[in-house]
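# Coordinates in review
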Amino acid sequence: MNPVLQISGQVEKPLQLTFADLQAIAAEHQLPDVSTVAPKRQGSAVKLAGLLSLAGARPEASFLGLHSSTDDFHASIPLGPVLDRGLLIYELNGQPLPVAQGGPLRFFIPDHAACRVDEIDECANLKFVDHLELTVEKGYDNRPEDEDEHEQLHAKE
Ligand SMILES: Nc1nc2c(c(=O)[nH]1)N[C@H]1C(S)=C(S)[C@@H](COP(=O)(O)O)O[C@H]1N2
Ligand SMILES: [Mo]
């Protein structure tokens, strides 16, 4: 099985995880039904904090880089505020999350801010995430910077 998620950067143990690896993560790190925290969302998630405890986040890790090579979309957000609420939705009805819902892996913050009002906004809910990277400083981020860019991005969806 091919890895679907790489975890790198400021971690003791860089990881390459397959869908089966995600399914095998301990129940304490799983959220079997995301609709319990986000009524419009479906599927099962693994908690960001769980993933980072497996990788061994270093104390100097301050930013979370979210990368999608599928469409070259990237965000870098402060780790502290999302550590305990960030989710990676990876499964729907026993199968990888469909691309139409942002799969195979989608980052999701249940109580995100509206687009572009805060660093941790709806735009940071990356679809098709394949790489999480912990950094000391803010990393590469190509989320839309103004309303025009943002509209153009959504027009592509
Ligand atoms: N990979 C990727 N993730 C992305 C985007 C994108 O263009 N590519 N758009 C972002 C933006 S601007 C928003 S508002 C949300 C929209 O999520 P939705 O399509 O589930 O409503 O996805 C975010 N995640
Ligand atoms: Mo957005």
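Residues numbered from 1 in each chain as written. Chains lettered and ligands numbered in written order. Predicted model: local features only at pLDDT ≥ 70, side-chain atom pairs only at ≥ 80, totals over all residues. Heavy atoms only, no water.

- The name given to the protein chain in an unreviewed UniProt entry is Oxidoreductase molybdopterin binding domain protein, with Lignipirellula cremea as the source organism.

## What to know about the UniProt feature "domain: Oxidoreductase molybdopterin-binding" (unreviewed entry) in the protein chain
- Per the UniProt record, "domain: Oxidoreductase molybdopterin-binding" (unreviewed entry) is annotated on residues 5-116.
- Helix makes up 15% of residues 5-116 and strand 34%. Its end C-alpha atoms lie 26 Å apart. (UniProt positions renumbered as here; feature names shortened; annotations may be inferred. Helix = DSSP H or I, 4+ residues; strand = E, 2+ residues; numbered from the N terminus.)

## A short note on the side chain of Arg 143
- Locating Arg 143 in the fold gives a position in the loop between strand E10 (131-135) and helix H4 (147-155).
- Within the structure, Arg 143 has its side chain in polar contact with the backbone oxygen of Glu 119 (distance 2.6 Å).
- A distance of 3.1 Å separates the side chain of Arg 143 from the side chain of Asp 121, its partner in a polar contact.
- With residues up to four places along the chain from it excluded, the contact list for Arg 143 reads Phe 73, His 74, Ala 75, Ser 76, Ile 77, Glu 119, Asp 121, Cys 123, Ala 124, Lys 138 and Glu 149. (Polar contact = N/O pair within 3.5 Å; in protein donor to acceptor, adjacent residues only side chain to side chain. Contact = heavy atoms within 4.5 Å.)

## Quick notes on the site of ligand 1
- Ligand 1 sits among 16 residues. The nearest are Arg 41, Asp 71, Arg 106, Asn 125 and Lys 127.
- Here Arg 41 contributes a side-chain N or O atom positioned 3.2 Å from an oxygen atom of ligand 1.
- Here an oxygen atom of ligand 1 sits 2.7 Å away from a polar atom, N or O, in the side chain of Arg 106.
- Looking at the shell around ligand 1 element by element, the count peaks at 3 residues for H4.
- Per-class residue counts for the shell around ligand 1 are 6 nonpolar, 4 polar and 6 charged. (Near = heavy atom within 4 Å. Nonpolar A, V, L, I, M, F, W, Y, C, P; charged D, E, K, R; others polar.)

## Considerations on a negative patch on the surface
- Taken together, Glu 145, Asp 146, Asp 148, Glu 149 and Glu 151 make up a surface patch of like negative charges.
- Summarising the element assignment, Asp 146 is placed in the loop between E10 and H4. (Patch = residues over 30% accessible without salt bridge, like charges linked within 9 Å, V, L, I, M, F, W, Y side chains within 5 Å. Areas by Shrake-Rupley, 256 points an atom, 1.4 Å probe, with all protein chains shown as cover. Salt bridge = Lys/Arg side-chain N within 4 Å of Asp/Glu carboxyl O. Lys, Arg positive; Asp, Glu negative; His and termini not counted. Charge placed at Lys NZ, Arg CZ, Asp CG, Glu CD.)

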